[in-house]
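Structure assessment
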Amino acid sequence: MKLIAISGSLRAASFNTRLVDLLIDCAPEGVEVEKATLHGIPLYDGDLEEQQGIPDAVESLRARIKGADGLIIATPEYNAGMPGVLKNALDWLTRPGSEMKPTFGHRPTALVGATPGQFGTAFAQAGSLINLRQLGCRLFPDYLRVSSADKVLPDSGEVDAELRKQAASFLEGFVGFVG
Ligand code: FNR
């Protein structure tokens, strides 16, 4: 089984990208988790789409999503929502409109997120459900919400042992959901 895990942060030292790395580490036997980032995706602009078509970075991410059995989205939380960078990428990926269903329709999809704050990106994840439902994803009902990310996913040193267990169990559940 192949899963693709997209980090919704562009930062080199992103906690969400580290969370993706942790999921890659925790992958059970026979499951490959591929990391994707959103670097190189321009701001959505209808004129750009009309004049130049869909950017290569979007097409290549789309091909990777279509080639995976399941999608994991690691969202940071900005002002209680998903960051613009991530929403922008999702918007591009639904263009042209005829690509929305083949890219997202019925695709098993899980949301995860990490923040140094207290609520583990709960607000961003809850808000993102509206968008992912609109895209037609088959949403995994469980969640992985990482609080105090600066402590449990530190710049240097070990990932927190409890978080590692949670991530492994979350992934095992999602693998079962993907089927
Ligand atoms: C934040 N941050 C934040 N954290 C949170 O838990 N709830 C929030 O509503 C916000 N709002 C917010 C707005 C903006 C504009 C920024 C830049 C940051 C903090 C955020 O969780 C933190 O910067 C994370 O480190 C971002 O994720 P990455 O880049 O580490 O993956």
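Residues numbered from 1 in each chain as written. Predicted model: local features only at pLDDT ≥ 70, side-chain atom pairs only at ≥ 80, totals over all residues. Heavy atoms only, no water.

This paragraph deals with the overall build of the protein. The helix and strand tally for the protein stands at eight helices and six strands. In sequence order, the protein lays out its α and β elements as β-α-β-α-α-β-α-α-β-α-β-β-α-α. What you see for the protein is a C-alpha radius of gyration of 16 Å, in line with the 16 Å of a compact globule of 179 residues. Counting all 179 residues of the protein, 46% fall into the buried class. Pairs at least 24 residues apart make up 79% of the contacts formed inside the protein by residues separated by at least 6 positions. Seen as two clouds, the 17 positive and the 22 negative side-chain charges of the protein have centres 4 Å apart. (Helix = DSSP H or I, 4+ residues; strand = E, 2+ residues; numbered from the N terminus. Rg over C-alpha atoms; globule rule 2.2 N^0.38 Å. Buried < 20%, exposed > 50% of the residue type's maximum accessible area, 1.4 Å probe, protein only. Contact = heavy atoms within 4.5 Å. Lys, Arg positive; Asp, Glu negative; His and termini not counted. Charge placed at Lys NZ, Arg CZ, Asp CG, Glu CD.)

As for its placement among the helices and strands, R18 is situated in helix α1 (residues 15-26). With relative accessibility at 18%, the residue R18 sits in the buried group. The contacts of R18, once residues within four sequence positions are left out, are A13, L153, P154 and D155.

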